[in-house]
Structure formats: C-alpha cells, structure tokens
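# Understanding the architecture of this molecule
This is what each chain is made of:
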Amino acid sequence: MSTLHILRSEPDEQVCELIKAISPGEVKMISLYEDPTNYDDLVEEIFCHDRVISWW
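Scoring rules and cut-offs
One numbering rule holds for all chains: residues counted from 1, following each sequence as written. At least 70 in pLDDT is required for a residue's local features to be given in this predicted model, at least 80 for side-chain atom pairs to be given and counted, and no such filter applies to totals for whole chains, interfaces and linings, which use all residues. Derived side-chain values reflect all non-hydrogen atoms in the structure, with water molecules and hydrogen atoms excluded from consideration. What counts as a helix is a DSSP run of H or I of at least four residues, what counts as a strand is a run of E of at least two, and both are numbered from the N terminus. Here the globule rule is a power law, 2.2 Å times the number of residues to the power 0.38, and the radius of gyration is based on C-alpha atoms. Buried, partly exposed and exposed residues are distinguished by accessible area as a fraction of the type maximum, computed with a 1.4 Å probe on protein chains only: under 20%, between the cut-offs, and over 50%, respectively. It only takes one pair of heavy atoms within 4.5 Å for two residues to be counted as in contact. Salt-bridge detection follows one rule: a side-chain nitrogen of Lys or Arg within 4 Å of a carboxyl oxygen of Asp or Glu. Two strands pair if DSSP finds at least two bridges between them. Helix axes are fitted only over the stretch in contact, all axes being lines through C-alpha atoms; the angle between N-to-C directions runs from 0 to 180 degrees.

## So, the overall build of the protein
When you go through the protein residue by residue, the secondary structure sums to 2 helices and 3 strands. A globule of 56 residues ought to have a C-alpha radius of gyration of about 10 Å, and the protein, at 11 Å, matches this closely. Along the first, second and third principal axes, the C-alpha atoms of the protein reach 30 × 25 × 15 Å. Considering the protein as a whole, with its 56 residues, one finds that 25% of them fall into the buried category. Excluding contacts between residues fewer than 6 apart, the proportion of contacts in the protein whose partners are at least 24 apart in sequence is 71%.

Here's what the structure looks like:
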C-alpha cells in the first residue's frame, strides 16, 4: 500500500514518529512549505497513491 503525506508546515519530531508508525509500505512526502509547489504534479501524485494524509 502506498501512502502520500502532504506537509503544510515543517513536521516536528512527534509528527515524524507518527508518519513512520502509520505508513507501512511505500511512502512519499510532499512539502508545501519549501519550494513553489507544482499543483499539477501534486494532483497526479494524489491519484497515484492508495492513501493520502495531509498534515498541517
């Protein structure tokens, strides 16, 4: 099962531990807080993964 994590802000240590705990299998993280986001690629990634989790 593949999981996509969308991060709105930089995760703290607790969020990193939660991501590791709830994400068996393939994991991809997209950070919206770093570089300008290509939203076309983001939408494509959302539809390519089994689960999508958004973090504030």
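What follows picks up the thread again.
## Description of the pattern of salt bridges
On inspection of all chains with the given rule, the structure shows 1 salt bridge. Notably, a salt bridge pairs Lys 28 with Glu 45, separated by 3.1 Å at the nearest N-O pair. With Lys 28 in strand E2 (residues 27-31) and Glu 45 in helix H2 (residues 39-48), the pair connects residues that are 17 residues apart, well separated along the chain.

## Here's the deal with the environment of Ile 19
Checked against the element boundaries, Ile 19 lands in helix H1 (residues 13-22). For Ile 19, a relative accessible area of 5% puts it in the buried group. Separated by 23 residues in the primary sequence, Ile 19 and Leu 42 place their C-alpha atoms 19 Å from one another. Not counting the four nearest positions on each side in its chain, Ile 19 is found in contact with His 5, Leu 7, Met 29 and Trp 55.

## A closer look at the sheet that holds E2
Taken in spatial order, the 3 strands of this open sheet run E2-E1-E3, and their pairing is parallel. Two strands lie at the open edges of the sheet, namely E2 and strand E3 (51-55), each paired on one side alone. On average, each strand axis in the sheet is tilted by 20° relative to the strand beside it, whichever way the strands run. Helix-sheet contacts for H1 involve strand E1 (3-7), E2 and E3, and the interaxial angle to E3 is about 170°.

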